[in-house]
Every structure is written in structure tokens, then in C-alpha cells.
Amino acid sequence: MAPTAKRPRRKLVARPVTFSPFARSAAHIASAYMIKRQMIENKLHEFCQLTPNGECKCNDKRNIDETESDSDGESSEGVVQADFAFFDPKPDDFHGVKTLLQTFLDNKEWNLSGFVDLILEQTTVGTVAKLEDDDDDGLFSVVTALNLGRYKDHKCMKELEDYVLSVCHESNLVDQLRVLFSKKARDVGLLVSQRVVNLPAQLLPPLYDALFDEVSWAVEDEPTEQLRNSFRFKTYLIVTKIYMHKKANGKLGEKADSEEEPVIYVKAEDELFHEVSSWSFSFPLKIQHVTTSEASFSFHLFNQFTFFLKNYVSMGLVMAVEADKIPTFRKQLRSLIDDEP
Amino acid sequence: MATRLQFENNCEVGVFSKLTNAYCLVAIGGSESFYSIFETELADVIPVVKTSIGGTRIIGRLCAGNKNGLLLPHNTTDQELQHLRNSLPDSVVVQRIEERLSALGNVIACNDHVALAHTDLDRETEELIADVLGVEVFRQTIAGNILVGSYCALSNRGGLVHPHTSIEDLDELSTLLQIPLVAGTVNRGSEVIAAGMTVNDWTAFCGSDTTATELSVIESVFKLREAQPSAIVDEMRKSLIDSYV
């Protein structure tokens, strides 16, 4: 019997802590809420209850204490415990979602408010993560899938299409993109996922499970045939951000320096999406993070790492993921998060 | 008339601009469309001046002014001060003041006759406000907030204040300021009125998230619907011309 292949141990790179002024303020907001909640007794529990109407209550069993126990004193604020809950998008979430999506299309001036309205109107598919019983109603994460064909007449979607087509510099992919936006638009879902940078990773599998489960429920439960078909996505289009090593010669996946990773994914799941994507391309972003030459950043997402970002430049990344690869993605995401010590 | 616009995808127009009856200040670095919207509305009537204050773009919150003068914080550079002195009409006194609370736009709310000030403002600053801006100064709070400059927007014809202002407070402030006041929001429920909009006697600029309801409240309380800049000038002309020979 052949030995079972060892699952390649993914080397965990530190996620960059707050770079852009937006991310910095979002992280401050998040940590401010966290510190306020220091008195909360509840531990995080690790199971996710998915109720039939799509509301997902996520509790993570792992005590944050454990993950931070081997930190050697750099966690200045101490350990904070919080209960996160998932909700359907509501009109009241407008400002929170808008803040999260401020740099969705880099610094392009577009109808972001209209785009946020689309997300909030689609209550059947889409999730926002907030603290349970939070009076201040702070929003930590939004995730949704918008059908390109269903919303293609909206100004914001047209501006999004123009932007994505304009930043694509690979001629063979421009045609594929155009097809996705026109002929195949009815089968394409724009996957929007944005969160505060320091959201605990334990929330990711339930968050994406919530999304993809809602999509499959919508296919059965939506009142009209047209709506049901609008959630039968064959492809997901993802627009996201990464950090690429300055010395990497433009192509993703080529190591220029043996010590430093060529690509750093701001969101952990983007790496998994990238691996199962049918195609992807990256493009330089106009909004760049500010780094001093001596700057070093540490970040406590999975473990404690010190990380120098002066050699990296922020890039946008657009990927197309076939819907049949999603179960693989979900499994890999779960194992990635579960593997964390 | 009230106009809706954005500064680089940000709806907080009152942060990046300062509008009075005699001049308009606009932050540099925004797209040309931001500047040109102001120009289109105001071009022939009052000068629109691009500037920074202390190297920053948040000029609306750092300075306080009306048609008589402009107060700048201590961190305004000499070049910026000179640029403003050169670009603004001679009738406007431009003064840099030493005040610990340097975000003057947040601590002072004023129109051409009266000003509301932060309760902890220096005595000297209060006198300077009265001198430079030619106004009567009242130390007040708005809905319990001491940052009066942030939570209300005033013109000579009306004012919009924080939505949680009580009726008693509204009446008291209205008597003090001698203008009609209304409690409302801007930019789809934002309570920071002065950050979301900027206004003078005949026009207002609001963030693009402002709903139609909010816009109609703004237009009615500031009496913008029938207001024309020429009306103001005509009124002034009547008082300036003593007699025809």
C-alpha cells in the first residue's frame, strides 16, 4: 500500500497588519470594540449552527488564550474575548459595509453607495459579521455573491466592469473577461468578501460555508424561476488584493528571493482560491501602503511573526473560480484553519 | 440650491471644503471634478481658492471663517498663510491664532453675525473670534456635544443641528442665534452635520449619500430654493447707494 501523501504543510506567512489608512482605521475600530468587550465572560466556541433561514450563528470554541500563549509579551492589549454572530444584510448596515468596501476598486470614483445598496437588498445570499449584542453595531465582515447578469443594468456594475476590463493587461484574458460580463453574465457571481484585517481566522470556514450554503438554498427556495436560476452560479469572479515582492518579475508564483515569499495574500482564503482558479491576473494598485525603510510589522493572526514589508508592493488580483471547485476550496479552508496550532 | 458631490469617493464634503458668503476654500489633491463643481456654482460670485492647511487636506475642519474673516490654526505654514492672504478678497481678515484646540472648524460654528464656541476655548481666542469675524460669541453645547463646530451647520438664514438635540435646546439656540433651526442628519443618517455638508446664504454642498428627504430639509431650513446670489448683491446695492443724482 502506497504511503498516503503527506498534505503539503503550508508555510504560514504573517498577514500584513494594517497598511492603508482605511485598514488602519478599520483595525482600530475592531480593537476598540474588542477592548470594550474585555469583560465578556463567554468563551468562543467552535461550532457553527446554520438555521434554515440562512442565519448562521458562529461560536468558536478555541480560547484565544491558547493561540496567544506562546507570544512573548507583544500582545499589549491582552486577550479579548468576543462572540461573533452572522446576520443577513440589513439597510442599517450601510455605513459599515461602505467603510469596508471603500477601496474595493482602488481609488476609482464610482457609485459605491449603489453597490452597497445592491448587497444590502439581497438578503437571501449575503452575510455580515457583527458582535453579538453590540450596541454600537460595528460591522466586521461582509461576504456576498452578486449575479453579474441580474444586476448588469446598474450603474455601479457597469463601472465595475469598466474598471476590471481596464486593469486587465493580458490580452487573452480580456476576451474571457468580456465574455463573463456579457454572454455568460447570467452564470457568473461576483464574490465580494471584505473584513477587518484582524478578524479571527476561526470565523472564515463558517463565513464561507454560510455563503455557499445560502447560494444552494437560494437555488431551491427563491420564489420565482428567474431568481432561482440567478443563483445557479457556474463561475465566481473575485476581485481582491495581494502583496507582491518587488523583485518578482510580474508573474505570480516565481520566487525571486529564496527567503521571502513572492506573494503575500492579505486574506488567507485568496491563496486557496488562487490555487483552484481557472485563470487570474494581477495589476498594480494606485493606493500604496506607506512604509518607512526601517518599518517592521507584527501580526497575531495565526501565530506571531515579524514581517518586513518594505520589499512588497500592493497589487490587485482578479480571479475566476469555477463553481465545481468550491467544495474543494471549502475543505481546504477548513483544514487550513484547523491546522493552526 | 443644494448640490450633491463627493471628494475622492468620500461623502464628507464639509471636511475638504469651507464655504462662506465671500469666498470658498477647497482642498488640493482631490480630483478636478470636485473643484470644478464648486467653480461652476460659484465662479463669478466669489473666489474659489485651493489650499492646504498645515499640509493637510482637512481644511474644512481646521479653519473657521465668515465673510469678515478667516481664522487659521497655529500649524498653518507661512506659505499657506501668504497664499490665502493673496487669494482672498481684501475685506477678509486672515489671522493665524495660537489655540490649543487647533481644529477650529470643529470648535467654532459661525455665520456672519454670531458664533458658537467650544466651552474650553481660551479667553483670548474668544476675543479674537469676536474681533476678526465680527461676531458675538456664545459658549454652548449641542445635544451635549462640546464640538459645536462639528455638529451644526449655520448660515445667516438658518441652521441644521445634531439630530438628538432636544426641543428646549433647539429653542434656546434659535433665540441665541436669531435664525430658524432644525435637527436633522446628512449623508444618510450621519450625525456629524458640518463634516457632511457646507453652506452659505444661497447654496449648499452635501455628500452624495444625502437622501432626497435630507436634501429637502436642508433646502427648506437654509431657504435655498428661492435664493440667488444676485438677490444678496441687489440687497446690498440698495443699502450702498444712498441716492441717485
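Residues numbered from 1 in each chain as written. Chains lettered and ligands numbered in written order. Predicted model: local features only at pLDDT ≥ 70, side-chain atom pairs only at ≥ 80, totals over all residues. Heavy atoms only, no water.

If you look chain B up in an unreviewed UniProt entry, it shows as Eukaryotic translation initiation factor 6 from Linum tenue. Heading Sequence similarities (unreviewed entry) of the UniProt record for chain B holds this comment: "Belongs to the eIF-6 family." Quoted verbatim from the Function (unreviewed entry) heading of the UniProt record, the comment on chain B is "Binds to the 60S ribosomal subunit and prevents its association with the 40S ribosomal subunit to form the 80S initiation complex in the cytoplasm. May also be involved in ribosome biogenesis." (UniProt positions renumbered as here; feature names shortened; annotations may be inferred.)

Per an unreviewed UniProt entry, chain A goes by Protein BCCIP homolog and derives from Linum tenue. The UniProt entry for chain A carries the following text under Sequence similarities (unreviewed entry): "Belongs to the BCP1 family."

Draft legend 1. Representation of the confidence of the model for chain B. Residue and element names in this part refer to chain B. Taken as a whole, chain B shows an average pLDDT of 91; of its residues, 92% reach a score of 70 or greater. Looking across chain B, the model is least confident in helix H11 (residues 229-240), with a mean pLDDT of 55, and most confident in strand E6 (residues 69-72), with 97. The ipTM value of the predicted complex is 0.80, and its pTM value is 0.76. (pLDDT = per-residue confidence, 0-100. Helix = DSSP H or I, 4+ residues; strand = E, 2+ residues; numbered from the N terminus.)

Draft legend 2. Main features of the pattern of salt bridges. Residue and element names in this part refer to chain A. For the structure shown, the criterion picks out 16 salt bridges over all chains. Between Lys-130 and Asp-93 there is a salt bridge; the shortest N-O distance is 2.8 Å. One end of the pair, Lys-130, is in strand E4 (residues 127-131); the other, Asp-93, is in the loop between strand E3 (84-87) and helix H3 (94-100), with 37 residues separating them in the sequence. Exposure class is identical for Lys-130 and Asp-93. Each is buried. Two residues, Arg-330 and Asp-209, come together in a salt bridge whose shortest N-O distance is 2.9 Å. Of the two residues, Arg-330 sits in helix H10 (residues 326-338) while Asp-209 sits in helix H7 (residues 204-221), which places them 121 residues apart along the sequence. Given a relative accessible area of 23%, Arg-330 falls into the partly exposed group. What makes Asp-209 buried here is its relative accessible area of 12%. Among the charged side chains, a network of salt bridges with common partners joins Asp-209, Asp-213, Arg-330 and Arg-334. (Salt bridge = Lys/Arg side-chain N within 4 Å of Asp/Glu carboxyl O. Buried < 20%, exposed > 50% of the residue type's maximum accessible area, 1.4 Å probe, protein only.)

Draft legend 3. Main features of empty space enclosed by the protein. Residues and elements named next belong to chain B. Tallied over the entire structure, the rule returns 7 cavities of 30 Å³ or more. Reported here for the second largest cavity is a volume of approximately 320 Å³. Along the wall of the second largest cavity there are 30 residues; nearest its centre are Lys-18, Leu-19, Cys-110, Leu-154 and Val-199. When its residues are assigned to classes, the lining of the second largest cavity shows 11 nonpolar, 14 polar and 5 charged. (1 Å grid on protein atoms, 1.4 Å probe; cavity = no way out; pocket = protein on both sides within 12 Å on 5 of 7 lines; lining within 4 Å. Points joined across faces, edges and corners; volume = space filled by probe spheres on them. Nonpolar A, V, L, I, M, F, W, Y, C, P; charged D, E, K, R; others polar.)

Draft legend 4. Focus on the interface of chain B and chain A. Each side of the interface is counted separately: chain B has 10 residues, and chain A has 9 residues. With both sides pooled, the region where chain B packs onto chain A buries about 790 Å², and carbon together with sulfur makes up 25% of that total. When the buried surface of chain B facing chain A is broken down by residue, Asn-9, Arg-188 and Asp-209 of chain B rank first, second and third, together holding 74% of it. Inspection of the chain B/chain A interface yields 2 salt bridges. The partner of Arg-188 of chain B in a salt bridge is Asp-117 of chain A, with the nearest N and O atoms 2.7 Å apart. Our count for the contact surface shared by chain B and chain A stands at 9 residue pairs in polar contact (both at pLDDT 80 or more). Split into classes, the residues belonging to the side of chain B that touches chain A amount to 1 nonpolar, 6 polar and 3 charged. (Contact = heavy atoms within 4.5 Å. Buried area = accessible area lost by both parts, 1.4 Å probe. Polar contact = N/O pair within 3.5 Å; in protein donor to acceptor, adjacent residues only side chain to side chain.)

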